[in-house]
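Below are the chains, spelled out letter by letter.
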Amino acid sequence: MNRKRILVTGGAGFIGSHLCEKLLEEGNDVVCMDNLFTGQKDNIRHLMDNPYFEFIRQDVLENIYVECDQIYNLACPASPVYYQYDPIKTGKTSVIGALHTLGLAKRCQARILQASTSEVYGDPEVHPQPESYRGCVNPNGIRSCYDEGKRMAETLFFDYYRQHGVDIKVVRIFNTYGPRMRLDDGRVISNFIVQALKNDDITIYGQGQQTRSFCYVDDMIKGIRCMMDSQEGFTGPVNLGNPNEITMLQLAHKIIELTGSKSKIVFLPLPQDDPVQRKPFIELAKNKLNWEPTVTLENGLERTIEYFMSILRHL
Ligand code: NAD
Ligand code: UDP
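The structure presented is a predicted model; accordingly, all values stated were derived computationally and were not measured. (Residues numbered from 1 in each chain as written. Chains lettered and ligands numbered in written order. Predicted model: local features only at pLDDT ≥ 70, side-chain atom pairs only at ≥ 80, totals over all residues. Heavy atoms only, no water.)

J.: Just to check I follow, could you spell out the site of ligand 2 for this structure?
T.: Near ligand 2 lie 17 residues; those nearest to it are Val 188, Thr 203, Arg 212, Asp 274 and Arg 278. In isolation ligand 2 exposes 510 Å². Once the protein is present, 95% of that is buried. Elements with a minimum of two residues in the shell around ligand 2: helix H6 (188–197) and strand S8 (202–205). Looking at the shell around ligand 2, its residues break down into six nonpolar, five polar and six charged. (Near = heavy atom within 4 Å. Areas by Shrake-Rupley, 256 points an atom, 1.4 Å probe, with all protein chains shown as cover. Helix = DSSP H or I, 4+ residues; strand = E, 2+ residues; numbered from the N terminus. Nonpolar A, V, L, I, M, F, W, Y, C, P; charged D, E, K, R; others polar.)

J.: Looking at this structure, I do not really get the pattern of salt bridges. What am I missing?
T.: It is possible for side chains of opposite charge to pair when their charged atoms get near one another. If you walk through the whole model with that rule in mind, you get 20 salt bridges. The shortest N-O distance in the salt bridge between Arg 172 and Glu 154 comes to 2.8 Å. One end of the pair, Arg 172, is in strand S6 (residues 168–173); the other, Glu 154, is in helix H5 (residues 144–164), with 18 residues separating them in the sequence. One network of salt bridges, with partners in common, ties together Glu 119, Arg 143, Arg 212, Asp 274 and Arg 278. (Salt bridge = Lys/Arg side-chain N within 4 Å of Asp/Glu carboxyl O.)

J.: Even after reading the chapter, I still don't get the packing of helix H4 (residues 87–108) against H5, so can you show me in this structure?
T.: Geometry of a packed helix pair, given as the angle between the helix axes and the separation of the axes. The contact between H4 and H5 brings their axes to 8 Å, and the two run at 15°. As far as their axial angle goes, H5 and H4 are roughly parallel. In this structure, H4 crosses over H5, and the sense of that crossing is right-handed. In this structure, H4 uses Pro 87, Thr 90, Gly 91, Ser 94, Val 95, Ala 98, Leu 99, Leu 102, Gly 103 and Lys 106 to contact H5, whose residues at the interface are Cys 145, Tyr 146, Gly 149, Lys 150, Met 152, Ala 153, Leu 156, Phe 157, Tyr 160 and His 164. (Axes fitted to C-alpha atoms, helices over the stretch in contact; angles between N-to-C directions. Parallel < 35°, antiparallel > 145°, perpendicular 65-115°, else oblique. Left-handed = near helix turned anticlockwise from the far one by under 90°. Contact = heavy atoms within 4.5 Å.)

Take a look at the structure:
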């Protein structure tokens, strides 16, 4: 069979660990590289005995020396709490991490996929967001280390494609959730579920009228895999996400209902530059990748709630 050697940077994180699992299931040889900043060994512990899985504890700021046929570049903290913890490092991770993985792709003639983000659209004035929209991003706010870092990474991907013919694929991931998010991840779904399960106050930032559109991780992994296997020359960027839009207030009520929680809702100040609305336009992914999400929010939330219940039981 055609066993590929695949490098996944950020492979011990939330999305990365699901991706490593999937790639192993498909019969590949997987090298997971992670500095364990937000990633966790527990996410990949069940893969450690597999002879075709290898974990390398390494920062993408260091030169990367591996031989591979494909690269998925996911290394970068994704939760605002974590990417704002050391914003200078976050910017470096996106930019230098892109340079190192692209250099590796060039040397190995490997196909390389970049995990870009809906944050490249900033606080969007166009709704829903198509790939052609160039965004409304603050270059010097508290989210800029992430947004501008990811934008620069996209620039580098396309420059390596044009200048060196590197076989690139760029996906713009919209809010994704599911099992293996950290208890203290800080993003909204994990926060609300953990608060609801503990009957703690549910913390809404602002009035809760801002919207997001949430994609369950299994759907996201399928989309990422479809993009990696898509026809040569189709570089993207392509939006991957679930267009089912919801306000944070509605989300809080839904999670209270699904968990049967006694939590109260409290309203806290809205952080700077928090996008007012976000919803992917996914016609490109539908047409080019024959992909669209299938897991409903209720179903995905139920599976995620089950995961957090088991984690809390074993604390
Ligand atoms: P995550 O924080 O769980 O995963 C990121 C992983 O990268 C972690 O394992 C972390 O330890 C690792 N990492 C961070 N800095 C590193 C460095 N300098 N060197 C090596 N490893 C490093 O987040 P996630 O949600 O799994 O996100 C994965 C990727 O997808 C990220 O690039 C993120 O920007 C992108 N993305 C995610 C979402 C989402 O909603 N989950 C949305 C848009 C984009
Ligand atoms: N949010 C919230 N309470 C929380 C965490 C987040 O109301 O405990 C809000 C946040 O202000 C934002 C939305 O939920 O408007 C999504 O936040 P998240 O950090 O999950 O992702 P992002 O803002 O990057 O889309």
